[in-house]
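Next come the chains, spelled out residue by residue.
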Amino acid sequence: MIEWINKQHESWEGVFRSSFFRNEENSSEFTVYIENSSLTDYAEKCVESFNNLPDSLISDICRGIIKYAEKGGINEEFELPELGNVLDILQYCWFNTVYVSVPEKMDSVRYIVEGEGDWGESIGFIIENNQLAYVGIYYLEY
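Before going further, it helps to examine the packing of aromatic side chains. Considering all chains together, one arrives at 13 aromatic pairs under this definition. Between the aromatic rings of Trp4 and Trp12, the centroid separation amounts to 5.7 Å while the plane-to-plane angle is 65 degrees, which identifies the pairing as edge-to-face. In this pair, the class of Trp4 matches that of Trp12, namely buried. Between the aromatic rings of Phe21 and Phe50, the centroid separation amounts to 5.5 Å while the plane-to-plane angle is 15 degrees, which identifies the pairing as stacked. With Phe21 in the loop between strand 2 (12-17) and strand 3 (29-34) and Phe50 in helix 1 (residues 40-50), this pair connects stretches of sequence that are 29 residues apart. Note on accessibility: Phe21 and Phe50 belong to one class, buried. Every member of this aromatic cluster is reached through a ring pair, and the members are Phe16, Phe20, Phe21, Phe30, Phe50, Phe95, Tyr111 and Phe125. Positioned above the aromatic ring of Tyr68, the side-chain terminus of Lys71 is 4.7 Å from the ring centre.

This paragraph deals with the pairing of strand 2. In terms of strand pairing, strand 1 (residues 3-6) meets strand 2 through 3 bridges, oriented antiparallel. Bridge pairing in strand 2 links Asn6 to Glu13. Here 6 bridges tie strand 2 to strand 3, and the two strands are oriented antiparallel to one another. The residue bridging Val15 from the neighbouring strand is Thr31, located in strand 3.

What follows deals with unusual backbone geometry. Backbone geometry at Asn129 places phi at a positive 55 degrees, although glycine is not the residue there. Assignment of secondary structure puts Asn129 in the loop between strand 6 (122-128) and strand 7 (131-136). You will see that Asn130, though not glycine, has its phi angle at about 60 degrees, which is positive. Mapped onto the secondary structure, Asn130 falls in the loop between strand 6 and strand 7.

Considering the arrangement of structural elements, one finds Ser108 in the loop between strand 4 (93-100) and strand 5 (110-117). Each residue touching Ser108, except ones within four places of it in the same chain, is listed here: Tyr42, Lys45 and Asn129.

Definitions and limits used
Residues numbered from 1 in each chain as written. Predicted model: local features only at pLDDT ≥ 70, side-chain atom pairs only at ≥ 80, totals over all residues. Heavy atoms only, no water. Phe/Tyr/Trp six-rings, centres within 6.5 Å; stacked < 30°, edge-to-face > 60°. Buried < 20%, exposed > 50% of the residue type's maximum accessible area, 1.4 Å probe, protein only. Helix = DSSP H or I, 4+ residues; strand = E, 2+ residues; numbered from the N terminus. Lys NZ or Arg CZ within 6 Å of the ring centre and 35° of its normal. Pairing = 2+ DSSP bridges. Contact = heavy atoms within 4.5 Å.

Written out as structure tokens, the structure reads:
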């Protein structure tokens, strides 16, 4: 699933295809980073989780993104239009990176997904044990 493209140091970089989310070029190609080369199997497990998020969880992620988009950001000209459903927020933001860190337990999954919105703020969400743990702008501090 992951093609490892940069293995020069202990931290590795790879690419994979997202089954649902899109990047800033409206492509399904995402980057994944691991802190330690021994985490390749764990990273595969995280990418599998990411590519199999249930619709209800994706909707929860979108509801969280909407809260931040409504607040606005650096792009003062952006005004969130009325959305037909929560998934419509994905027309105004994108994701492109998954960060996998050393897990507390190898039988669980925990990863951070990073992106940006048209309102000019970075946005991210954290999945922990296939549940939404956080969505917002402080995802790297969580």
